[in-house]
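# Structural overview
Okay, here's what each chain looks like letter by letter:
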Amino acid sequence: MAADARGQAAGVNPRVTVVLLTRNGRARLPRSLGHLTALPERPHVLLVDNGSTDGTPGAVRADFPGVEVLELGANRGAAGRNAGVEAARTPYVAFAEDDSWYAPGALDRAADLLDAHGRLGLIAAHTLVGEDERPDPLHEDMVDTPLADEPGLPGHPILSFLEGVSVVRRDAYLGAGGYDPRLFVGGPEEHLAAELLRRGWRLRYVPEVVARHVPDHGAPDPVVRRLGLRNTLWFAWLRRPVRPALRWSAHVVAGSPRDRWTLLGVLDALRGLPWVLRERRPLPADVEAQLALLDAPKRRSSARDYGR
């Protein structure tokens, strides 16, 4: 395909780029890329390879020549998305993974909403999970909340999101610094969401923007759970006042299994305490008030089980 002066391939959607992050996803990618490249919106698809060792980049170039491949040469975790967003030439970026994609029309709908609402920084898609297309259980947490709504904005207010099924305003993402490389994986969305909120951006769950997620794995790797515990504790001490940070830390640790992975996660968090305290910046009072409203519902939520 020919390209215009900005490097954007001719004939593709001028508003949305799909940034798909993968590592060793060669076996899974044909399905997700097949869906993404067949979308009627014709988004530019940019695959960011996090140091795969299974031949993923070459296989994608051979089988999907219209997909741009960006090889990072190493595993940067969620921060690999930063390179994809920087390389995108469209105002909006839709995130995907090697086991997720978007329904036809979803990206146009998201772009229309972002066009219409200048304060809207991110849209979390309604995600259908598995072959049976069951709604992600986190959706209930996004809808049934005590957060005050803002008239005129689509969907429901949210304070975090799922990284592989969300559409973001590129300038908002880059202005917020993207994903912190120190978090790697394990719930880095919470940190990015907080920075977007601090900067005044609105985050919304929009049911009519639909995505699919068909994972081929069972319980998360215990290393991911370890990192998730660490990142959750870091968030509490980076962004929350002292009392909520103490309460949330106690809840997370008490709700985790009494095993070596929990111990290692806590030790990881303690090792990072010098930089966390050095960079500690509690959120503005209005954002903290929103977070505080969700503390009790999050403690009760079965979808937020730190033992998983």
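Going along each chain's sequence as written, the residues are numbered from 1 onward. A pLDDT threshold of at least 70 governs which residues receive local features in this predicted model, and a stricter bar of 80 or more applies before side-chain atom pairs are shown or counted, although totals over entire chains, interfaces and linings include all residues. Only hydrogens and water are removed before side-chain values are computed, so all heavy atoms of the structure are retained for them.

## Some points on the side chain of E41
For clarity, the threshold we go by: Each helix is a run of DSSP H or I of at least 4 residues and each strand a run of E of at least 2, with the numbering of both proceeding from the N terminus. Here a polar contact means two N or O atoms within 3.5 Å. Within protein one must be a hydrogen donor candidate and the other an acceptor candidate, and residues neighboring in sequence count only if both atoms are side-chain atoms. The contact rule is simple, with two residues in contact once any of their heavy atoms fall within 4.5 Å.
Mapping E41 onto the fold places it in the loop between α1 (29-37) and β2 (44-49). Here the side chain of E41 touches G105 through a polar contact of 2.9 Å, landing on its backbone nitrogen. Ignoring anything within four residues of it in the chain, the contact list for E41 reads N13, A103, P104, G105, A106, L107 and D108.

## Remarks on the packing of aromatic side chains
Quick reminder of the rule: Only centres within 6.5 Å qualify two rings of Phe, Tyr or Trp (six-membered ring in Trp) as a pair; their planes then separate them into stacked at under 30 degrees, edge-to-face at over 60, and tilted for everything else.
Throughout the structure, instances matching the rule amount to three aromatic pairs. Their ring planes at 55° and their centres at 5.6 Å tell us that F95 and Y173 sit as a pair that is tilted. On the criterion of sequence distance, the pair formed by F95 in strand β4 (residues 92-97) and Y173 in helix α6 (residues 170-175) is long-range, its members being 78 residues apart. When the centroid spacing of 5.1 Å and the interplanar angle of 75° are considered together, the rings of W234 and W275 count as edge-to-face. With a gap of 41 residues between them, W234 in helix α8 (residues 222-239) and W275 in helix α11 (residues 273-278) connect regions that are remote in the sequence.

## Quick word on a nonpolar patch on the surface
What counts is decided by this rule: Two distance rules govern patches: like charges are joined within 9 Å, and nonpolar side chains (Val, Leu, Ile, Met, Phe, Trp, Tyr) within 5 Å, applied only to residues with over 30% relative accessible area and no salt bridge. The Shrake-Rupley method, run with a 1.4 Å probe, gives the accessible areas here. Residue values count only the displayed protein chains as cover. Counted as salt bridges are all cases of a side-chain nitrogen of Lys or Arg within 4 Å of a carboxyl oxygen of Asp or Glu.
Together, L263, L267 and L270 make up a nonpolar patch on the protein surface, roughly 270 Å² of accessible area in all. Of note, L263 is situated in helix α10 (residues 260-271).

## Considering unusual backbone geometry
A positive phi angle, close to 50°, is found at R42, a residue other than glycine. Among the structural elements, R42 can be located in the loop between α1 and β2. A positive phi angle is found at E133, which is not glycine, with a value near 55°. Here E133 lies in the loop between β6 (120-129) and β7 (134-135).

## What to know about the pattern of salt bridges
As a reminder of what qualifies: Accessibility here uses a 1.4 Å probe with only protein chains present; expressed as a share of the type maximum, an area under 20% marks a residue as buried, one over 50% as exposed, and anything in between as partly exposed.
For the structure shown, the criterion picks out 27 salt bridges. A salt bridge links E195 to R199, with the shortest nitrogen-to-oxygen separation between them at 2.8 Å. E195 gets classed as buried once you look at its relative accessible area, which sits at 7%. Two residues, E288 and R240, come together in a salt bridge whose shortest N-O distance is 2.7 Å. A residue pair is termed long-range when its members are at least 10 positions apart, and E288 in helix α12 (residues 285-300) and R240 in the loop between α8 and α9 (242-254) qualify at 48 residues. R240 matches E288 in its accessibility class, with the two residues each being buried.

## Things to note about the environment of L33
Inspection of the secondary structure puts L33 in helix α1. The class for L33 is buried, based on a relative accessible area of 0%. Residues L33 and V266, spaced 233 residues apart in sequence, show a C-alpha to C-alpha distance of 38 Å. L33 has contacts with L20, V45, L47, V60, F64 and V67, leaving out every residue within four places of it along the chain.

The analysis is restricted to geometry; functional conclusions fall outside its scope.
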